[in-house]
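Chain residues, written in single-letter form:
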Amino acid sequence: MKVPISWLREYVPIEMPITELADRLVISTCEFDGIETVGVADVDGNLGLFRVGRVLDAVKHPNADRLQLCQVDVGEGDPRQIVCGAWNFGAGATVGVALPGAVLPNGLQLERRKVRGELSDGMILAEDEVELGTDHSGIMLLPNGIEPGTPLADVLPLTDTVLELETSHNRPDLLAVYGIAREVAALYDLQLAPPPGADPHREAEEPLEVTIEDFEACPRYIGRLFRGVTIGPSPVWLRARLLAAGMRPISNVVDITNYVMLALGNPLHAFDYAKLAGGRIVVRRAKAGEKLRTLDGVERELEPYDLMIADAERSVALAGIMGGEDSEIAADTTEILLEAANFEPYTIFRTSERLRLRTEGSNRWEKGVDPYLAEQSAKLATQLIVELTGASWVGHADVHDGLPEPPVVRFRPKRTDAVLGIETAPNEQHAILRRLGFDVSGEKVSVPTWRARDVTREIDVVEEVARFRLADVPARLPTRQAMFGRLSKHQRIRRRIEDVLVGFGYSEAYTWSLLPEGSATGAVRLQEPLSSEQAVLRTSLVEGLLASARRNVDAGNDDIALFEQAHVYLPTGEQLPEERWRVGGIAQGGFAFAKGTVEGLYAALGVEPSFQPADDLPAPGRGARTDEGWVASLREADLPGEWGAFELDVDALVDRVRDLIVYEDVITYPPVRQDLAFVVPDDVTAGELVASAHEAAGPQLREMRAFDVYRGGQVEPGKKSIAFSVTFQSPERTLTDEDAAQLRNRIVAALEQAFGAQLRA
């Protein structure tokens, strides 16, 4: 939010340096984005060269049809001759003048010079030339009666300093200049001015019918009727203030509603009363099939939960978000109905999000605006409408079903000391709270209505005191009195997996959980995706790892090995998916490298893998499955060379890891090693042969590892030869050749019976 300091000073006397104020707000209240100077630079006496002038004479330039030759009194005795290209004024006009040597906001320095042969000794100013507006169609006309030579800065806000603040989501009261002023007054213990705005005299008591059908969505609606309105541009001071605060001036009535919103924080809206059917307002939910063309020219389809402002026949505004075209204020509007209402946050947020329609008003409503603020906002808007449009206030309605009482919270000053770690006298704590608008009575604190949504517990009140003492808190770590808890089995194993993969030379990657539409079959789709590229929840880690590998290849990196351990989201048929922990990896080196990684990971966890050939894997290649996942070779045009990938279900791995590791003594007796080769059908896997051999030979078969597969030649079609390196070993004695032969015969017999295997060697 942009806060002009000149505006802030209307509510609280600011004499401290602006940088000091900004630093104090950062510590206690909100984030600070910067300080900006707008308008004419106030350096080296530059402001003194901008003065009020009275035009004594204005005639056509003798050498140019589109220029005027003016004599202007700027308080120096003798008038100055100035050439001007505008024709919206004549003799007797009061204008703003910049003298030679003055530097304009755009950096141009004026000088005395001849224009078409006539001396021009200064410049008569248009509002855009001093950043007081955007109009360049004519010069600024000031009220008559101002003494020529008066510094223009005494009449107009020629220069201003603007604070750019970033407020938190739970502090809607800070989305107003008066709200910031309240904080500054509390921080520095300064006198805060009363809220701006006072009701003028009401010219009549015309009836104004307002009906609220849903008090939960609209707790309060104030309507005020004005007649004799003259639509036109706002005065310079109002336009300048809106521009400094980051808003575009439009017309006096619209500018007033925006000004009040910025000043007090309650969004307003104005309707052309003559365009309201039946002259009445109804606050209701949208009807089935109803549509509304909003002020931005878009026809919007409405849902039954949308809150609408309607007349006797149709909707005329999206409540709290945007008005409709049919009731828009126009140049010929002479009757207006002012809306100062209060809307429930979630109702506005839900509609705004669905329609992708974010406005200054919706931003405030969805954070929660004080229902008591509507009345003061109506007063300020009424005062300005009467003053700036010449209107008469003739009708009023204030409809509500009872306003909420201020919450009362228990508060103990000793609790603040315990939480903050430094002592603050109870009377000082109470004084801080009172400056913030809290009422204190013993251990009971009445919360002001503008803070009712975020101050609901004692700790919230403690925080209000604590943020005023943060600068006094010493920078030290708290003393740890005790330590409780430990990592769960799942957490320990996840950390072990990370350590093992890093030890294997992998680097950890973090990839998006959201994928493009259609990238994963059956994936859960977000109800309101941010974009088509982030529309569904991932069901596998491989897509993100592939994208990361491509980026590394494009960057010219070598020896790429990446892993990620994260959630995937599996569809369940219900609204919420099943979340599973997975670990996935991708690396150069092909299938052998990836399979070696998986085998090493299983070994580190003390789990025996079982590989089965597969060609229906999530990765674009062939490979093998285990009970917990898969490993595959990759064939990708964007990934030159051989690549491998794997993905394992961590939750399933955790279930297989033994809780208790039993120590086995090292066998000191020598092993007996032999090579065995078997001819088996093509569909028999090495893993099946090894499992059957272990069952037949028992624990004395220490290891059986396949090292060669052969097809063709002496092996008949449909079969293959698999060669194994076999190790026999006993923990009790040295095995003899006869012992090894018996074990070998058991294996041969078991494999022949189970698979029809024939021993080749």
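Keep in mind it's a predicted model, so treat the numbers as computed, not measured.

Peer 1: Can you help me understand the packing of helix H10 (residues 426–435) against helix H11 (residues 458–469) in this one?
Peer 2: How two helices sit against one another is set out by the angle between their axes and by the gap between those axes. Contact pair H10 / H11: the axes reach a minimum separation of 10 Å and the direction vectors enclose 100 degrees. If you check the angle between H10 and H11, you find them roughly perpendicular. For the pair formed by H10 and H11, the contact residues are Glu428, Gln429, Ile432, Leu433 and Arg435 on the first element and Val461, Glu464, Val465, Phe468 and Arg469 on the second. For the contact of H10 with H11, a count of residues per class yields five nonpolar, one polar and four charged.

Peer 1: Looking at this structure, I do not really get empty space enclosed by the protein. What am I missing?
Peer 2: Over the atoms, a rolled probe matching the size of one water molecule traces out where space is still vacant. Counted by the stated rule, this structure contains one cavity of 30 Å³ or more. Of the voids in this model, the largest cavity is the one considered here, and its volume is about 30 Å³. Around the largest cavity, the lining residues are Arg171, Asp173, Gly179, Arg182, Glu183, Leu436, Trp450 and Arg451. In terms of residue class, the lining of the largest cavity is built from two nonpolar, one polar and five charged.

Peer 1: Any chance you could explain the sheet that holds strand S30 (residues 578–588) here in plain terms?
Peer 2: Within a sheet, each strand pairs with its neighbour through backbone hydrogen bonds, oriented either parallel or antiparallel. With mixed pairing, the seven strands of this open sheet are ordered in space as S26-S29-S30-S34-S33-S32-S31. Every other strand in the sheet has two partners, leaving strand S26 (507–508) and strand S31 (612–614) as the edge strands with one partner each. Sheet analysis places strand S29 (residues 561–570) next to S30, joined by 10 bridges and oriented antiparallel. Opposite His567, over in S30, you have Trp581 as the bridge partner. Across the sheet, helix H12 (residues 489–503) is in contact with S26, S29, S30 and strand S34 (639–649); its angle to S29 comes to roughly 150 degrees. The strands touched by helix H13 (residues 542–554) are S29, S30, strand S33 (629–636) and S34; relative to S34, the strand with the most contacts, the crossing angle is about 150 degrees.

Peer 1: How do you make sense of the pairing of strand S13 (residues 220–227) when you look at a structure like this?
Peer 2: One face of the sheet, then the other: side chains in a regular strand alternate in exactly this way. Within S13, seven of the eight residues are buried, which leaves the element mostly enclosed by the surrounding structure. Sheet topology places S13 next to strand S21 (residues 335–342); eight bridges connect them, and they run antiparallel. What sits directly across from Arg220, in S21, is Asn342. As judged from the eight bridges shared by S13 and strand S22 (residues 392–400), these two strands associate in the antiparallel manner. Its bridge partner being in S22, Leu225 is matched across the sheet by Gly395.

Peer 1: Mind showing me how you'd approach the nonpolar core here?
Peer 2: Soluble, globular proteins show a tendency: their nonpolar side chains are buried together. Leu8, Tyr221 and Ile309 are the most contacted members of the largest nonpolar core, which has 105 residues in total. The biggest single contributor to this core is helix H3 (residues 177–188), with nine residues. Listed in part, the 24 residues of the second largest apolar core include Ala561, Phe563, Leu601 and Ala624.

Peer 1: Hey, could you run me through a nonpolar patch on the surface in this one?
Peer 2: Taken together, the side chains of Ile27, Leu470 and Val473 define a hydrophobic patch exposed on the protein surface, amounting to about 220 Å² of accessible area. As for its position among the elements, Val473 is in the loop between H11 and H12. Overall, the relative accessible area of 31% leaves Val473 in the partly exposed class.

Peer 1: Just to check I follow, could you spell out the environment of Gly503 for this structure?
Peer 2: Secondary-structure assignment places Gly503 in helix H12. On a C-alpha basis, the gap between Gly503 and Met322 in space is 58 Å, while along the polypeptide they are 181 residues apart.

Peer 1: Mind showing me how you'd approach the pattern of salt bridges here?
Peer 2: Where side chains of opposite charge bring their charged atoms close, a pairing between them can arise. Overall, the coordinates contain 51 salt bridges when judged by the stated rule. We note a salt bridge from Arg80 to Glu76, for which the minimum N-O separation is 2.9 Å. Its relative accessible area of 12% is what places Arg80 among the buried residues. Here Glu528 and Arg356 are joined by a salt bridge, their closest N and O atoms 3.4 Å apart. Placement of Glu528 in the loop between strand S27 (514–515) and strand S28 (536–537) and of Arg356 in the loop between helix H6 (345–355) and helix H7 (360–365) is noted, with a sequence separation of 172 residues between them. Looking at Glu528, the relative accessible area reads 47%, which means it is partly exposed.

Peer 1: Would you mind showing me how to read the packing of H12 against helix H14 (residues 590–605) here?
Peer 2: Here H12 crosses H14 at 135 degrees, and the two axes come no closer than 10 Å. Comparing their axes, H14 and H12 come out oblique. As for the relative orientation of H12 and H14, their crossing is right-handed in sense. Taken together, the residues of H14 that come into contact with H12 (itself represented by Ile493, Arg496, Ile497, Val500 and Leu501) are Thr597, Leu601, Ala604 and Leu605. Split by residue class, the contact of H12 with H14 holds seven nonpolar, one polar and one charged.

Peer 1: What should I look at first to understand the pairing of strand S18 (residues 307–310) in this one?
Peer 2: Side chains of S18 alternate between two faces, with Leu307 and Ile309 and Met308 and Ala310 buried alike. Of the strand pairs in this sheet, strand S15 (residues 280–285) and S18 are connected by four bridges, and their pairing is antiparallel. Bridge pairing in S18 links Val282 to Ala310. Direction of pairing for S18 relative to strand S19 (residues 315–318): antiparallel, over a ladder of three bridges. When the sheet's bridge partners are listed, Ile309 is paired in S19 with Ala317. Following S18, the chain reverses through four residues before pairing antiparallel with S19.

Here is what the cut-offs are and how they apply
Residues numbered from 1 in each chain as written. Predicted model: local features only at pLDDT ≥ 70, side-chain atom pairs only at ≥ 80, totals over all residues. Heavy atoms only, no water. Axes fitted to C-alpha atoms, helices over the stretch in contact; angles between N-to-C directions. Helix = DSSP H or I, 4+ residues; strand = E, 2+ residues; numbered from the N terminus. Parallel < 35°, antiparallel > 145°, perpendicular 65-115°, else oblique. Contact = heavy atoms within 4.5 Å. Nonpolar A, V, L, I, M, F, W, Y, C, P; charged D, E, K, R; others polar. 1 Å grid on protein atoms, 1.4 Å probe; cavity = no way out; pocket = protein on both sides within 12 Å on 5 of 7 lines; lining within 4 Å. Points joined across faces, edges and corners; volume = space filled by probe spheres on them. Pairing = 2+ DSSP bridges. Buried < 20%, exposed > 50% of the residue type's maximum accessible area, 1.4 Å probe, protein only. Core = buried A, V, L, I, M, F, W, Y, C linked by side-chain atoms within 4.5 Å. Patch = residues over 30% accessible without salt bridge, like charges linked within 9 Å, V, L, I, M, F, W, Y side chains within 5 Å. Areas by Shrake-Rupley, 256 points an atom, 1.4 Å probe, with all protein chains shown as cover. Salt bridge = Lys/Arg side-chain N within 4 Å of Asp/Glu carboxyl O. Left-handed = near helix turned anticlockwise from the far one by under 90°.

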